[in-house]
Amino acid sequence: AQSVTQLDSHVSVSEGTPVLLRCNYSSSYSPSLFWYVQHPNKGLQLLLKYTSAATLVKGINGFEAEFKKSETSFHLTKPSAHMSDAAEYFCVVSDRSNDYKLSFGAGTTVTVRA
Amino acid sequence: GAGVSQSPSNKVTEKGKDVELRCDPISGHTALYWYRQSLGQGLEFLIYFQGNSAPDKSGLPSDRFSAERTGGSVSTLTIQRTQQEDSAVYLCASSLGLRSTDNTEAFFGQGTRLTVV
(Lines give C-alpha, C1' and ligand atoms only; values in the text may rest on other atoms or scores of the structure.)
Protein backbone atom coordinates (compact mmCIF):
# COMPACT_ATOMS: atom_id res chain seq x y z
CA ALA A 1 0.00 0.00 0.00
CA GLN A 2 1.05 3.56 -0.56
CA SER A 3 2.23 5.82 2.25
CA VAL A 4 3.89 9.16 2.96
CA THR A 5 6.46 10.21 5.52
CA GLN A 6 6.74 13.82 6.56
CA LEU A 7 10.28 14.15 7.75
CA ASP A 8 9.76 17.06 10.14
CA SER A 9 7.04 17.23 12.75
CA HIS A 10 7.78 20.89 13.42
CA VAL A 11 9.44 23.62 11.36
CA SER A 12 10.20 27.11 12.65
CA VAL A 13 11.20 29.92 10.29
CA SER A 14 11.64 33.67 10.44
CA GLU A 15 9.28 35.87 8.48
CA GLY A 16 10.70 36.55 5.03
CA THR A 17 12.92 33.45 4.93
CA PRO A 18 12.33 30.34 2.82
CA VAL A 19 10.13 27.48 3.97
CA LEU A 20 10.89 23.84 3.18
CA LEU A 21 8.58 21.02 4.24
CA ARG A 22 9.85 17.55 3.36
CA CYS A 23 7.70 14.66 2.22
CA ASN A 24 8.77 11.25 0.96
CA TYR A 25 6.28 8.84 -0.51
CA SER A 26 6.08 5.15 -1.13
CA SER A 27 4.09 3.87 -4.09
CA SER A 28 4.37 0.96 -6.47
CA TYR A 29 2.30 2.76 -9.07
CA SER A 30 2.00 6.22 -10.55
CA PRO A 31 0.84 8.27 -7.58
CA SER A 32 -1.20 11.40 -7.18
CA LEU A 33 0.28 13.68 -4.53
CA PHE A 34 -1.25 16.57 -2.62
CA TRP A 35 -0.41 19.12 0.03
CA TYR A 36 -3.13 20.36 2.37
CA VAL A 37 -2.98 23.16 4.94
CA GLN A 38 -4.97 23.51 8.14
CA HIS A 39 -4.90 26.84 9.94
CA PRO A 40 -5.71 26.85 13.65
CA ASN A 41 -9.36 25.98 14.28
CA LYS A 42 -10.03 25.90 10.54
CA GLY A 43 -10.83 23.23 7.97
CA LEU A 44 -8.40 21.59 5.57
CA GLN A 45 -7.63 23.40 2.34
CA LEU A 46 -5.84 22.10 -0.73
CA LEU A 47 -2.56 23.92 -1.44
CA LEU A 48 -1.54 22.09 -4.58
CA LYS A 49 -1.62 18.72 -6.31
CA TYR A 50 0.48 16.60 -8.64
CA THR A 51 -1.31 14.15 -10.88
CA SER A 52 0.49 13.17 -14.05
CA ALA A 53 1.46 16.42 -15.72
CA ALA A 54 4.28 18.85 -14.90
CA THR A 55 6.59 17.78 -12.11
CA LEU A 56 6.87 21.31 -10.71
CA VAL A 57 3.50 22.25 -9.30
CA LYS A 58 2.48 25.74 -8.24
CA GLY A 59 -0.21 26.24 -5.67
CA ILE A 60 -1.95 28.95 -3.75
CA ASN A 61 -0.26 31.54 -1.53
CA GLY A 62 3.10 31.26 -3.29
CA PHE A 63 3.73 27.61 -2.45
CA GLU A 64 5.16 25.11 -4.90
CA ALA A 65 6.27 21.50 -4.84
CA GLU A 66 8.40 19.34 -7.09
CA PHE A 67 7.68 15.69 -7.81
CA LYS A 68 10.97 13.78 -7.95
CA LYS A 69 10.40 10.16 -8.85
CA SER A 70 14.05 9.18 -8.48
CA GLU A 71 14.03 10.46 -4.90
CA THR A 72 10.39 9.54 -4.15
CA SER A 73 9.94 13.02 -2.79
CA PHE A 74 7.37 15.78 -3.00
CA HIS A 75 8.81 18.62 -0.93
CA LEU A 76 6.83 21.82 -0.40
CA THR A 77 8.59 25.17 -0.62
CA LYS A 78 7.90 28.87 -0.40
CA PRO A 79 10.53 31.53 -1.04
CA SER A 80 9.44 33.92 1.69
CA ALA A 81 7.36 33.01 4.73
CA HIS A 82 4.54 35.20 5.99
CA MET A 83 3.06 35.21 9.45
CA SER A 84 -0.14 33.86 7.92
CA ASP A 85 1.71 30.67 6.87
CA ALA A 86 1.70 29.44 10.45
CA ALA A 87 -0.39 26.27 10.23
CA GLU A 88 -0.35 22.49 10.01
CA TYR A 89 0.63 21.01 6.64
CA PHE A 90 -0.23 17.53 5.43
CA CYS A 91 1.32 15.58 2.55
CA VAL A 92 -1.06 13.10 0.91
CA VAL A 93 -0.66 10.28 -1.62
CA SER A 94 -3.07 8.10 -3.54
CA ASP A 95 -2.60 5.34 -6.11
CA ARG A 96 -4.38 2.33 -7.47
CA SER A 97 -3.08 -0.05 -4.80
CA ASN A 98 -6.07 0.47 -2.54
CA ASP A 99 -8.63 1.97 -4.85
CA TYR A 100 -7.08 5.43 -4.82
CA LYS A 101 -7.75 6.01 -1.14
CA LEU A 102 -5.96 9.12 0.13
CA SER A 103 -3.22 8.42 2.68
CA PHE A 104 -2.21 11.33 4.91
CA GLY A 105 1.15 11.99 6.48
CA ALA A 106 1.43 12.82 10.17
CA GLY A 107 1.64 16.53 9.49
CA THR A 108 4.21 19.32 9.94
CA THR A 109 3.51 22.26 12.20
CA VAL A 110 4.95 25.51 10.89
CA THR A 111 5.61 28.44 13.17
CA VAL A 112 6.73 31.79 11.80
CA ARG A 113 8.83 34.13 13.94
CA ALA A 114 8.50 37.88 13.50
CA GLY B 1 -24.83 22.61 -1.64
CA ALA B 2 -21.56 23.99 -2.82
CA GLY B 3 -19.41 22.15 -0.34
CA VAL B 4 -19.31 19.23 2.05
CA SER B 5 -21.81 19.78 4.83
CA GLN B 6 -21.56 18.17 8.24
CA SER B 7 -24.07 18.21 11.05
CA PRO B 8 -24.21 18.92 13.85
CA SER B 9 -21.25 21.28 14.10
CA ASN B 10 -20.99 20.59 17.80
CA LYS B 11 -22.28 17.71 19.89
CA VAL B 12 -22.02 17.18 23.62
CA THR B 13 -23.11 13.79 24.85
CA GLU B 14 -22.99 11.78 28.03
CA LYS B 15 -20.71 8.80 28.32
CA GLY B 16 -22.52 5.65 27.26
CA LYS B 17 -24.94 7.35 24.87
CA ASP B 18 -25.03 6.72 21.13
CA VAL B 19 -24.39 9.53 18.64
CA GLU B 20 -24.93 9.95 14.91
CA LEU B 21 -22.89 12.32 12.79
CA ARG B 22 -24.05 13.26 9.33
CA CYS B 23 -22.17 14.14 6.17
CA ASP B 24 -23.62 15.53 2.95
CA PRO B 25 -20.95 15.27 0.26
CA ILE B 26 -20.64 17.37 -2.85
CA SER B 27 -23.16 16.24 -5.46
CA GLY B 28 -21.68 13.75 -7.89
CA HIS B 29 -18.75 12.79 -5.68
CA THR B 30 -18.44 9.03 -5.50
CA ALA B 31 -15.70 8.84 -2.88
CA LEU B 32 -16.34 9.73 0.77
CA TYR B 33 -14.03 9.62 3.77
CA TRP B 34 -14.39 9.92 7.52
CA TYR B 35 -11.44 11.03 9.64
CA ARG B 36 -10.98 11.82 13.29
CA GLN B 37 -8.73 14.55 14.64
CA SER B 38 -8.00 14.73 18.32
CA LEU B 39 -6.74 17.95 19.90
CA GLY B 40 -3.36 18.86 18.45
CA GLN B 41 -3.10 15.61 16.52
CA GLY B 42 -3.04 14.62 12.87
CA LEU B 43 -5.78 12.97 10.90
CA GLU B 44 -6.83 9.45 11.85
CA PHE B 45 -8.46 7.58 8.97
CA LEU B 46 -11.72 5.87 9.88
CA ILE B 47 -13.56 4.67 6.76
CA TYR B 48 -13.55 5.11 2.97
CA PHE B 49 -16.47 4.66 0.58
CA GLN B 50 -15.72 4.44 -3.14
CA GLY B 51 -18.68 4.08 -5.47
CA ASN B 52 -20.35 0.70 -5.19
CA SER B 53 -17.28 -1.04 -3.77
CA ALA B 54 -17.29 -2.49 -0.29
CA PRO B 55 -16.15 0.24 2.10
CA ASP B 56 -12.65 0.20 3.56
CA LYS B 57 -13.36 -0.01 7.28
CA SER B 58 -9.78 -0.67 8.29
CA GLY B 59 -9.53 2.53 10.34
CA LEU B 60 -12.52 2.07 12.59
CA PRO B 61 -11.06 1.87 16.12
CA SER B 62 -13.62 -0.52 17.61
CA ASP B 63 -16.90 -2.24 16.89
CA ARG B 64 -18.65 0.68 18.57
CA PHE B 65 -18.01 2.65 15.39
CA SER B 66 -19.96 2.10 12.18
CA ALA B 67 -20.81 4.10 9.09
CA GLU B 68 -23.30 3.92 6.29
CA ARG B 69 -23.63 5.64 2.99
CA THR B 70 -27.15 5.55 1.65
CA GLY B 71 -27.84 5.85 -2.05
CA GLY B 72 -24.24 6.73 -2.72
CA SER B 73 -24.71 10.15 -1.18
CA VAL B 74 -25.32 11.04 2.47
CA SER B 75 -23.24 9.24 5.06
CA THR B 76 -23.84 8.69 8.76
CA LEU B 77 -21.12 7.82 11.28
CA THR B 78 -22.54 6.16 14.38
CA ILE B 79 -20.69 5.78 17.65
CA GLN B 80 -22.34 3.51 20.18
CA ARG B 81 -21.79 3.65 23.94
CA THR B 82 -19.56 6.71 23.64
CA GLN B 83 -16.44 6.96 25.77
CA GLN B 84 -14.47 10.03 26.78
CA GLU B 85 -11.64 9.06 24.45
CA ASP B 86 -14.08 9.43 21.54
CA SER B 87 -13.99 13.20 22.06
CA ALA B 88 -12.52 14.70 18.89
CA VAL B 89 -13.38 16.53 15.70
CA TYR B 90 -14.85 14.18 13.13
CA LEU B 91 -14.15 15.26 9.57
CA CYS B 92 -15.86 14.15 6.41
CA ALA B 93 -14.45 14.60 2.92
CA SER B 94 -15.60 13.76 -0.57
CA SER B 95 -13.97 13.60 -3.98
CA LEU B 96 -14.93 12.78 -7.53
CA GLY B 97 -13.35 9.41 -6.95
CA LEU B 98 -11.63 9.11 -10.29
CA ARG B 99 -9.87 5.79 -10.44
CA SER B 100 -6.84 7.11 -12.29
CA THR B 101 -3.56 8.89 -11.79
CA ASP B 102 -5.49 12.10 -12.36
CA ASN B 103 -7.25 11.51 -9.09
CA THR B 104 -8.80 14.65 -7.78
CA GLU B 105 -8.46 16.16 -4.39
CA ALA B 106 -10.80 15.62 -1.47
CA PHE B 107 -12.92 18.49 -0.21
CA PHE B 108 -13.39 18.63 3.52
CA GLY B 109 -16.32 19.66 5.64
CA GLN B 110 -15.90 21.86 8.70
CA GLY B 111 -16.24 18.88 11.01
CA THR B 112 -18.33 17.89 13.99
CA ARG B 113 -16.76 18.57 17.37
CA LEU B 114 -17.82 15.74 19.66
CA THR B 115 -17.42 16.10 23.41
CA VAL B 116 -18.20 13.15 25.65
CA VAL B 117 -18.76 14.12 29.28
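None of these values were measured; they are calculated from a predicted model. (Residues numbered from 1 in each chain as written. Chains lettered and ligands numbered in written order. Predicted model: local features only at pLDDT ≥ 70, side-chain atom pairs only at ≥ 80, totals over all residues. Heavy atoms only, no water.)

(A) Local environment of the overall build of chain A. Counting its regular elements, chain A contains zero helices and 12 strands. Along chain A, helices (α) and strands (β) appear in the sequence β-β-β-β-β-β-β-β-β-β-β-β when read from the amino end. Rg of the C-alpha trace for chain A: 14 Å, near the compact-globule value of 13 Å for 114 residues, within the 12% margin. C-alpha atoms of chain A, sized along the principal axes, occupy 45 × 25 × 20 Å. Out of the 114 residues belonging to chain A, those deemed buried represent 46%. Contacts in chain A between residues far apart in sequence, at least 24 positions, make up 57% of those at least 6 positions apart. (Helix = DSSP H or I, 4+ residues; strand = E, 2+ residues; numbered from the N terminus. Rg over C-alpha atoms; globule rule 2.2 N^0.38 Å. Buried < 20%, exposed > 50% of the residue type's maximum accessible area, 1.4 Å probe, protein only. Contact = heavy atoms within 4.5 Å.)

(B) Quick look at the sheet that holds strand β6 (residues 65–69) of chain B. Residue and element names in this part refer to chain B. Across the sheet, which stays open at both edges, the four strands sit in the order β1-β3-β7-β6 with antiparallel pairing between neighbours. Each edge of the open sheet carries a strand with a single partner, namely β1 (5–7) and β6. Going across the sheet, the axis of each strand differs from the next one's by a mean of 15 degrees, ignoring polarity. Two elements, strand β3 (residues 19–24) and strand β7 (residues 75–79), share five bridges in a ladder whose sense is antiparallel. Directly across from Leu 21, in β7, lies its bridge partner Leu 77. (Pairing = 2+ DSSP bridges. Axes fitted to C-alpha atoms, helices over the stretch in contact; angles between N-to-C directions.)

(C) The arrangement of the interface of chain A and chain B in detail. Between chain A and chain B, the contact holds 21 residues from the first and 24 residues from the second. In total, chain A and chain B occlude about 1800 Å² of area from one another, counting both sides; carbon and sulfur atoms represent 51% of this. In terms of surface lost to chain B, no three residues of chain A exceed Asp 99, Tyr 100 and Lys 101 of chain A, which account for 32% of the buried area on that side. Applying the counting criterion to the chain A and chain B interface returns two salt bridges. Glu 105 of chain B is paired through a salt bridge with Lys 49 of chain A; the nearest N and O atoms lie 2.9 Å apart. In this structure, the connection of chain A to chain B is made through six residue pairs in polar contact (both at pLDDT 80 or more). Where the side of chain A that touches chain B is concerned, the elements lending two or more residues are β5 (32–38), β6 (44–50) and β10 (87–94) of chain A. Ranked by residues supplied to the side of chain A that touches chain B, first place goes to β5 of chain A with four residues. A breakdown of the residues in the side of chain A that touches chain B according to their chemical character gives nine nonpolar, nine polar and three charged. (Buried area = accessible area lost by both parts, 1.4 Å probe. Salt bridge = Lys/Arg side-chain N within 4 Å of Asp/Glu carboxyl O. Polar contact = N/O pair within 3.5 Å; in protein donor to acceptor, adjacent residues only side chain to side chain. Nonpolar A, V, L, I, M, F, W, Y, C, P; charged D, E, K, R; others polar.)

(D) Broad picture of the pattern of salt bridges. Applying the stated rule across the entire model yields eight salt bridges over all chains. Linking Asp 56 of chain B and Lys 101 of chain A is a salt bridge whose minimum nitrogen-to-oxygen distance equals 2.9 Å. With Asp 56 of chain B in the loop between β5 (44–50) and β6 and Lys 101 of chain A in the loop between β10 and β11 (103–104), the pair connects residues from two separate chains. Judged by relative accessible area, which is 9%, Lys 101 of chain A ranks as buried. Close ionic contact of Arg 22 of chain B with Asp 24 of chain B constitutes a salt bridge, the shortest N to O distance being 2.8 Å. With relative accessibility at 38%, the residue Arg 22 of chain B sits in the partly exposed group.

(E) The layout of surface pockets, seen in detail. Roughly 680 Å³ of volume is contained in the largest pocket. Around the largest pocket, the lining is made up of 32 residues, and of these Gln 38 and Asn 41 of chain A together with Gln 37, Gly 40 and Arg 113 of chain B lie nearest the centre. Of all the secondary structure elements, the ones that give two or more residues to the lining of the largest pocket are β10 and β12 (108–113) of chain A together with β8 (88–95) and β10 (112–116) of chain B. For the lining of the largest pocket, the leading source of residues is β10 of chain B, giving four residues. Its residues placed into classes, the lining of the largest pocket shows 11 nonpolar, 18 polar and three charged. (1 Å grid on protein atoms, 1.4 Å probe; cavity = no way out; pocket = protein on both sides within 12 Å on 5 of 7 lines; lining within 4 Å. Points joined across faces, edges and corners; volume = space filled by probe spheres on them.)

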